[in-house]
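These are the residues of each chain, in order.
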Amino acid sequence: MDNTSMGMGMEKKSVAIIGAGVSGLAACKHLLERGCRPVVFEADTVVGGVWAHTPDCTRLQTSRTMYQYTDFPWPDSVTEEFPNNRQVADYLNAYARHFGVLDCIRFGHRVAGMEYVGVAEEEVAAWDEWAGCADAFGSGNGKWRLTVADAQGLVQVHMADFVILCIGRFSNVPNIPKLPPGKGPEAFDGKVIHSMDYSKMGSQKAKEMVKGKRVTVIGYGHSALDIANECANLNGTEKPCTMVVRTKQWVLPDFYAWGVDISNFYLTRFGELLIHKPAEGFLLSLLATILTPLKLMLSKFAESYYSITMKKHDMVPDHSFFEGIVGCWVELAPKDHYKNLEEGSILIKKSKTFSFCKEGVFVEGESTLVESDIVIFGTGFNGDQNIKSMFTSNYFQSILIGSTSMTVSLYRDCVHPKIPQLAVIGYSESYANLHTSELRAKWLAHFMDGGFRLPSVKAMHRDVLEWEKFMKRYSHGEFRASCIGLLNNWYKDNLCRDMGCNPRRKNGIFAELFEVYGPNDYIDLHPK
């Protein structure tokens, strides 16, 4: 069956994509290629998702060659290994323009809610096959009804045969710590904002706001680090920025430990042999058990190097480097982070709890308070809530979050076994987010075009549980299943097999085992 005859049905289908970030752009491009013309709803006025609004010192956490679409190389003018926020936003914009994706986007349109209509909920709940018949578009009776609000607040209803959610995990619903009454922001005389508000201000306004002010940043993740370093670079040691840190993280100056590129240990097939994998079979399981000491040795090797700098500031995490990698808890430090700590333009207070008072922030275990003019929450986002709030149905909301994992449970990180005619792309994290999203978009377009069928609901549930089991096994305490960090290749192999493509993309066994897999290995991947 050639692609032209398969694509005939797709042209007549209405597909809605929500979000024009890294994943939404790829999803749209791959559907356009197959003759389907989706509508992309984007609440913002520009493409690029989180990249459209980030502090000035934000740069890629992954090297440029690992963060690119397979059919759209970076322009020659970008030579940095870790391009900055502007360069990434420009790259995404150029991709959207080049492939005609911009023409499909309705900017300033926010999807307020969506409801599956045409089939009773009881019937949907009873289906043994995805969407009732394992076909992407179901039997033809069910459709999604989207409520869409434009910039003027006018609300329209949009009907779609299929919806692709690409709203990511780092937007819309800020994660704000809950504090007892009288100890929250209301007790404080200064200004309290979330990193999301800081980013949306635009860089000039944000800089004016913090210049010459005593700023306290809560958190030690990506946004918190970027904002603290922006403040430190502006205010120096005169008005140092204080970071209140609950959990120490592996924040790396670079990806070289004792001169060795650590991605050789962790992002290769050899690295994957050292750990247990979902549905791996007896031999691989045995091998992973035998190689456990080697896994611990490699983790210690990286720790011995990175902890030298961290020890000076008493910032060595409680969890191993390996656990950090598995949970996507490893950050690349902003350029001058350790220099700023050294000279005292960033001060760190480690504490499990804090509270507000009139003049600033009380940190548990400290006798003096941290006097502040501005407090910024760099405490991340509630991605699960963000996705849940899209659905009007209580049933869909209740089944969305997994039983054991407490995070959104998706087969192949794309489709929920019980939610029909809907896919999610870009929700889970990996060390090459953009490329992983692109491969998912290719997989999804092929599935929607009739290229393969999904397994039964039961089989998909089983697979989801296998992945959750893996995450539980290797993550310390705070378990979240939405990172495929170490299993990137194992995960992509599954997508390749579904599409009828050979997952082995290298030449020869040595390269296959010890070379890092990246976008360039998938340039000529054409689904059968």
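Looking at an unreviewed UniProt entry, one finds the protein chain named Flavin-containing monooxygenase, with Aegilops tauschii subsp. strangulata as its source organism. A UniProt comment under Sequence similarities (unreviewed entry) is attached to the protein chain, and it reads "Belongs to the FMO family." The Cofactor (unreviewed entry) field of the UniProt record for the protein chain holds the comment "FAD".

Visitor: Just to check I follow, could you spell out a nonpolar patch on the surface for this structure?
Guide: Nonpolar side chains collect at one region of the surface, where Phe 282, Leu 283, Leu 286 and Ile 290 lie side by side and expose about 480 Å² of accessible area between them. Tracing the sequence through the fold places Phe 282 in helix H10 (residues 282-290). Given the relative accessible area of 65%, Phe 282 is considered exposed.

Visitor: So what exactly am I meant to see when it comes to the environment of Asp 336 here?
Guide: With respect to the secondary-structure elements, Asp 336 resides in the loop between strand S14 (330-332) and helix H13 (337-343). Considering only alpha carbons, one finds Asp 336 and Glu 230, 106 residues apart in sequence, at a separation of 9.8 Å. Those residues within four positions of Asp 336 in sequence are excluded, and the remaining contacts are Asn 229 and Asn 233.

Visitor: I'm lost on the nonpolar core in this one. Help?
Guide: As a rule of thumb, soluble globular proteins bury nonpolar side chains together. Counting 111 residues, the largest nonpolar core has Leu 25, Tyr 69, Phe 162, Ile 164, Phe 321 and Met 448 as its most contacted members. For this core, the element with the highest residue contribution is helix H16 (residues 433-448), accounting for 8 residues. Looking at which domains feed residues into this core, each of domain 1 (15-171 + 382-486) and domain 2 (185-377) supplies at least three. If sequence neighbours within four positions are ignored, Met 448 has contacts with Met 10, Val 15, Leu 31, Ala 136, Phe 137, Phe 162 and Ile 164. By size, the runner-up hydrophobic cluster in this structure holds 28 residues, among which are Ala 160, Phe 396, Leu 400 and Tyr 427.

Visitor: Please explain the packing of H16 against helix H18 (residues 488-498) as it appears in this structure.
Guide: Any two packed helices are characterised by the angle at which their axes cross and by the distance between the axes. The interhelical angle for the contact between H16 and H18, taken along N-to-C directions, is 20 degrees, at an axis separation of 10 Å. With respect to each other, H16 and H18 are oriented roughly parallel. Here H16 and H18 pass one another in a crossing that is left-handed. Residue-level contacts link His 435, Thr 436, Leu 439, Arg 440 and Trp 443 of H16 to Asn 488, Tyr 491, Lys 492, Leu 495 and Asp 498 of H18. Here the contact of H16 with H18 is composed, by residue class, of 4 nonpolar, 3 polar and 3 charged.

Visitor: Help me understand the packing of helix H2 (residues 22-33) against H16 in this model?
Guide: Between H2 and H16, the least distance of the axes is 8 Å, while the angle of their chain directions is 35 degrees. You can see that H2 and H16 cross each other, and the crossing is right-handed. Within the contact between the two elements, H2 uses Val 22, Ser 23, Ala 26, Ala 27, His 30 and Leu 31 and H16 uses Leu 434, Ser 437, Glu 438, Ala 441, Lys 442, Ala 445 and Met 448. Here the residues of the contact of H2 with H16 are counted per class, giving 8 nonpolar, 3 polar and 2 charged.

Visitor: How do you make sense of the sheet that holds strand S7 (residues 162-165) when you look at a structure like this?
Guide: Consider a sheet: its strands pair through backbone hydrogen bonds, and that pairing is either parallel or antiparallel. Read from one edge of the open sheet, 5 strands run S3-S2-S1-S7-S20, paired in parallel fashion. Edge positions in the sheet fall to strand S3 (105-107) and strand S20 (422-424), since each of these pairs with one other strand and no more. Across this sheet, the average inter-strand angle for adjacent strands is 20 degrees, counted without regard to direction. Pairing of S7 with S20 involves 3 bridges; the strand directions are parallel. Its bridge partner being in S20, Ile 164 is matched across the sheet by Ala 423. In the packing of H2 onto the sheet, contacts are made with strand S1 (15-18), strand S2 (39-42), S3 and S7, and the angle to S1 comes to roughly 160 degrees. The sheet contacts of H16 involve S1, S7 and S20, and relative to S7 the element is tilted by about 175 degrees.

Visitor: Explanation requested: the domain arrangement of the protein chain in the structure shown.
Guide: Bring the parts together and some accessible area is lost; that lost area is often taken as the interface size. In terms of domain boundaries, the protein chain breaks down into domain 1 (15-171 + 382-486) and domain 2 (185-377). Each partner contributes residues to the interface: domain 1 has 26 residues there, and domain 2 has 35 residues. Carbon and sulfur atoms supply 61% of the area that domain 1 and domain 2 bury against each other, a total of about 3,000 Å² over both sides. The tally of links between domain 1 and domain 2 comes to 0 salt bridges.

Visitor: What should I look at first to understand H2 in this one?
Guide: Note on helix geometry: an α-helix contains 3.6 residues per turn, so any two residues three or four positions apart are oriented the same way. With 12 residues, H2 ought to run about 16 Å at 1.5 Å a step, and its terminal C-alpha atoms sit 17 Å apart, in line with that. For H2, the tally of buried residues reaches 10 of 12 residues, placing the bulk of the element in the interior. Along H2, the residues that are buried comprise Val 22, Ser 23, Gly 24, Leu 25, Ala 26, Ala 27, Cys 28, Lys 29, His 30 and Leu 31. Positive backbone phi, approximately 85 degrees, marks Gly 35, located one or two places after H2.

The rules we used
Residues numbered from 1 in each chain as written. Predicted model: local features only at pLDDT ≥ 70, side-chain atom pairs only at ≥ 80, totals over all residues. Heavy atoms only, no water. UniProt positions renumbered as here; feature names shortened; annotations may be inferred. Patch = residues over 30% accessible without salt bridge, like charges linked within 9 Å, V, L, I, M, F, W, Y side chains within 5 Å. Areas by Shrake-Rupley, 256 points an atom, 1.4 Å probe, with all protein chains shown as cover. Salt bridge = Lys/Arg side-chain N within 4 Å of Asp/Glu carboxyl O. Helix = DSSP H or I, 4+ residues; strand = E, 2+ residues; numbered from the N terminus. Buried < 20%, exposed > 50% of the residue type's maximum accessible area, 1.4 Å probe, protein only. Contact = heavy atoms within 4.5 Å. Core = buried A, V, L, I, M, F, W, Y, C linked by side-chain atoms within 4.5 Å. Domains from an automatic or database assignment. Axes fitted to C-alpha atoms, helices over the stretch in contact; angles between N-to-C directions. Parallel < 35°, antiparallel > 145°, perpendicular 65-115°, else oblique. Left-handed = near helix turned anticlockwise from the far one by under 90°. Nonpolar A, V, L, I, M, F, W, Y, C, P; charged D, E, K, R; others polar. Pairing = 2+ DSSP bridges. Buried area = accessible area lost by both parts, 1.4 Å probe. Expected span 1.5 Å × (residues − 1).

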